[in-house]
Amino acid sequence: MGKLAVIAIGGNSLIKDEAHKTVEDQYEAARETCHYIAEMIEQGWDVAIGHGNGPQVGFILRRSEIAHKVEGMHEVPLDVCGADTQGAIGYALQQNLQNELHLRGIHKPVATIVTQVLVDRNDPAFQNPTKPIGGFMTEEEARRRQQEQGWTVVEDAGRGWRRVVPSPLPKEIIELDVIRILLQAGVVTIAVGGGGIPVIDTGNRQLRGIAAVIDKDYAASLLARALRADLFLISTAVEKVALNYGKPNQRWLDHMTLAEARQYLAEGIHFAKGSMAPKIQAIIWFLEANPNGKALITNPENIGRALRGETGTWIVP
Ligand code: ADP
Ligand code: MG
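Since this is a predicted model, take the numbers as computed values, not measurements. (Residues numbered from 1 in each chain as written. Chains lettered and ligands numbered in written order. Predicted model: local features only at pLDDT ≥ 70, side-chain atom pairs only at ≥ 80, totals over all residues. Heavy atoms only, no water.)

Novice: Hey, could you run me through the overall build of the protein in this one?
Specialist: Across its full length, the protein carries nine helices and 17 strands. A globule of 317 residues ought to have a C-alpha radius of gyration of about 20 Å, and the protein, at 20 Å, matches this closely. For the protein, buried positions account for 51% of its 317 residues. Roughly 15,000 Å² of accessible area belongs to the protein as shown, and the carbon and sulfur atoms make up 51% of that amount. In the protein, 33 positive and 37 negative side-chain charges are present, and the distance between their average locations comes to 3 Å. (Helix = DSSP H or I, 4+ residues; strand = E, 2+ residues; numbered from the N terminus. Rg over C-alpha atoms; globule rule 2.2 N^0.38 Å. Buried < 20%, exposed > 50% of the residue type's maximum accessible area, 1.4 Å probe, protein only. Areas by Shrake-Rupley, 256 points an atom, 1.4 Å probe, with all protein chains shown as cover. Lys, Arg positive; Asp, Glu negative; His and termini not counted. Charge placed at Lys NZ, Arg CZ, Asp CG, Glu CD.)

Here is the structure:
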């Protein structure tokens, strides 16, 4: 095998902005990111790709809710929404990568793996569900869902009621062996989409999907650790990471050491909680487990330049 990169692609690789959310728009956005990933492959990288799925799960849930209200259709459980999005997003990435590789005369197969990720049923996240899911509800519906379906519901700052689910840590990638075999055989592999479908071990290794959401950067980090990747690349909406992000004294970083990353994260003021902080944490875990690894955060269009050392934020042990 050549050098292995695990690439976590963010929401902006599928949805550019509010006005471009259709399936066709997402396909176009995916094409752009795949162009840059194909360039990496052309330069000799083996790649495993993870991706986000937040908005896409939201769309499926919305359709499911409407169809249920209007037609009495059965609803789609959250774990199945995850599986659906892995298939649909995997398809868009797979086809775009195949097309991009073909244009470059590269004959490398591409495959998407529906990926389950084991979580610990004793993870403290289950005591404190925080991740809002699905549309807004009236208080009456929220209470009924709570009663009948055991949902945890919260009032969201005057905007209505919403379901919240836990966001536990990923413990084990169930399909890891098959991902490894595919990579060793030279297959470009798309896996752990949306952080993976969260499953628990109900005893005697009997797995069952649960209503939860795993952070996609954490799951990609686990994949990068398990595969001992040379590079963990987080492709997102910003070219670089900043200190004091969004403040007058903001400073863009070209690189930081693992120790600096830990220190800045602990300072709590630099990286926003739901967005950059989990990326930095994911990278810290990767570098701690992989002292020979390197990590990079940049946006899709700058991947090539960043790999040449011209931009992006590099995080090294
Ligand atoms: P993704 O879909 O790729 O996970 P997120 O929106 O979750 O994207 O995280 C990326 C976003 O984090 C950036 O677009 C930026 O707005 C935000 N962000 C928060 N803190 C920082 C920081 N310190 N430096 C750069 N970007 C930051
Ligand atoms: Mg994010």
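Novice: Sorry if this is basic, but what is going on with the side chain of Thr-298 here?
Specialist: By secondary structure assignment, the location of Thr-298 is in strand E16 (residues 294–298). Assessed through its relative accessible area of 0%, Thr-298 is described here as buried. A distance of 2.9 Å separates a polar side-chain atom of Thr-298 from the backbone oxygen of Glu-239. The residues touching Thr-298, leaving out its near neighbours within four places in the chain, are Leu-233, Ile-234, Ser-235, Thr-236, Val-238, Glu-239, Ile-303, Ala-306 and Gly-312. (Polar contact = N/O pair within 3.5 Å; in protein donor to acceptor, adjacent residues only side chain to side chain. Contact = heavy atoms within 4.5 Å.)

Novice: It is not clear to me how the layout of surface pockets should be interpreted in this structure. Could you clarify?
Specialist: Space left empty within the atom packing is revealed by a probe, the size of a water molecule, rolled over the atoms. In this structure, the second largest pocket occupies an estimated 380 Å³ of space. In terms of lining, the second largest pocket is formed by 17 residues, of which the most central are Val-23, Gln-26, Gln-56, Ala-88 and Ile-89. If you list the elements that add at least two residues to the lining of the second largest pocket, you get helix H1 (23–42), helix H2 (54–71) and helix H3 (78–103). (1 Å grid on protein atoms, 1.4 Å probe; cavity = no way out; pocket = protein on both sides within 12 Å on 5 of 7 lines; lining within 4 Å. Points joined across faces, edges and corners; volume = space filled by probe spheres on them.)

Novice: Explain the site of ligand 1 here, please?
Specialist: Near ligand 1 lie 17 residues; those nearest to it are Gly-11, Lys-216, Thr-236, Ala-242 and Lys-279. Separating a nitrogen atom of ligand 1 from a backbone N or O atom of Ala-272 is a distance of 3.3 Å. One nitrogen or oxygen atom from the side chain of Lys-279 is found 2.6 Å from an oxygen atom belonging to ligand 1. Secondary structure elements with two or more residues in the shell around ligand 1: strand E13 (241–243) and helix H8 (276–289). Within the shell around ligand 1, the residues separate by chemical class into eight nonpolar, six polar and three charged. (Near = heavy atom within 4 Å. Nonpolar A, V, L, I, M, F, W, Y, C, P; charged D, E, K, R; others polar.)

Novice: How should helix H4 (residues 139–149) be read in this particular structure?
Specialist: For an α-helix the count is 3.6 residues per turn, leaving residues at separations of three or four pointing the same way. Among the residues of H4, Glu-141, Ala-142 and Arg-145 are the ones counted as buried. Buried residues of H4, viewed axially, fall in a sector of 100°; they line one side. Exposed side of H4, more than 90 degrees from the buried face: Glu-140 and Gln-147 are the residues found there. For H4, the elements touching its buried residues are H2, strand E5 (131–137), strand E6 (152–155) and strand E7 (161–165). One or two residues past the end of H4 sits Gly-150, with phi positive at roughly 70°. (Arc of directions from axis to C-beta.)

Novice: Please clarify how the pattern of salt bridges should be interpreted in this entry.
Specialist: Pairing between side chains of opposite charge can happen when the charged atoms of each approach one another. A full pass over the atoms with the stated rule returns 23 salt bridges. Glu-32 serves as the salt-bridge partner of Lys-16, at 3.6 Å between the closest nitrogen and oxygen. In this pair, Lys-16 sits in the loop between strand E1 (4–9) and H1 while Glu-32 sits in helix H1, placing the two residues 16 residues apart along the sequence. The salt bridge partner of Glu-148 is Arg-144, with a shortest N-O separation of 3.5 Å. On the criterion of helical spacing, the pair formed by Glu-148 and Arg-144 is a turn pair, its members being four residues apart in helix H4. A residue is classified by how much of its surface remains accessible, and Arg-144, at 40% relative accessible area, is partly exposed. Residues participating in the shared-partner salt-bridge network are Glu-39, Glu-42, Glu-100 and Arg-104. (Salt bridge = Lys/Arg side-chain N within 4 Å of Asp/Glu carboxyl O.)

Novice: Any chance you could explain the packing of helix H6 (residues 216–226) against H8 here in plain terms?
Specialist: In the contact formed by H6 and H8, the axes pass within 8 Å of each other and the chain directions differ by 15°. Between H6 and H8, the angle falls in the class roughly parallel. Of the two possible hands of crossing, H6 and H8 adopt the one that is right-handed. Counted together, Lys-216, Asp-217, Tyr-218, Ser-221, Ala-224 and Arg-225 of H6 and Pro-278, Lys-279, Gln-281, Ala-282, Trp-285, Phe-286 and Ala-289 of H8 form the full contact between these two elements. Of the residues that constitute the contact of H6 with H8, the class distribution is seven nonpolar, two polar and four charged. (Axes fitted to C-alpha atoms, helices over the stretch in contact; angles between N-to-C directions. Parallel < 35°, antiparallel > 145°, perpendicular 65-115°, else oblique. Left-handed = near helix turned anticlockwise from the far one by under 90°.)

Novice: Would you explain the nonpolar core in this entry?
Specialist: When a protein is soluble and globular, its nonpolar side chains tend to lie buried together. Ranked by internal contacts, the top residues of the largest apolar core, which has 48 residues, are Val-6, Leu-223, Leu-227, Phe-232, Met-256, Phe-271 and Ile-280. Mapped onto this core, the elements with two or more residues apiece are E1, helix H5 (176–184), H6, strand E12 (231–235), E13, helix H7 (258–267), H8 and E16. The element best represented in this core is H8, accounting for eight residues. If near-sequence neighbours (up to four positions away) are discounted, Phe-232 is found in contact with Val-6, Ala-8, Asp-217, Ala-220, Ser-221, Ala-224, Ala-282, Ile-283, Phe-286, Lys-294, Ala-295 and Leu-296. (Core = buried A, V, L, I, M, F, W, Y, C linked by side-chain atoms within 4.5 Å.)

Novice: What is the right way to look at the sheet that holds E7 in this model?
Specialist: Paired through their backbone hydrogen bonds, the strands of a sheet run either parallel or antiparallel. The three strands lie next to each other as E5-E7-E6, forming an open sheet whose pairing is antiparallel. Two strands close off the open sheet at either side, each with one partner strand: E5 and E6. On average, each strand axis in the sheet is tilted by 35° relative to the strand beside it, whichever way the strands run. Looking at chain direction, E6 and E7 are connected through four bridges and run antiparallel. By the bridge assignment, Val-153 is partnered in E7 with Arg-163. (Pairing = 2+ DSSP bridges.)

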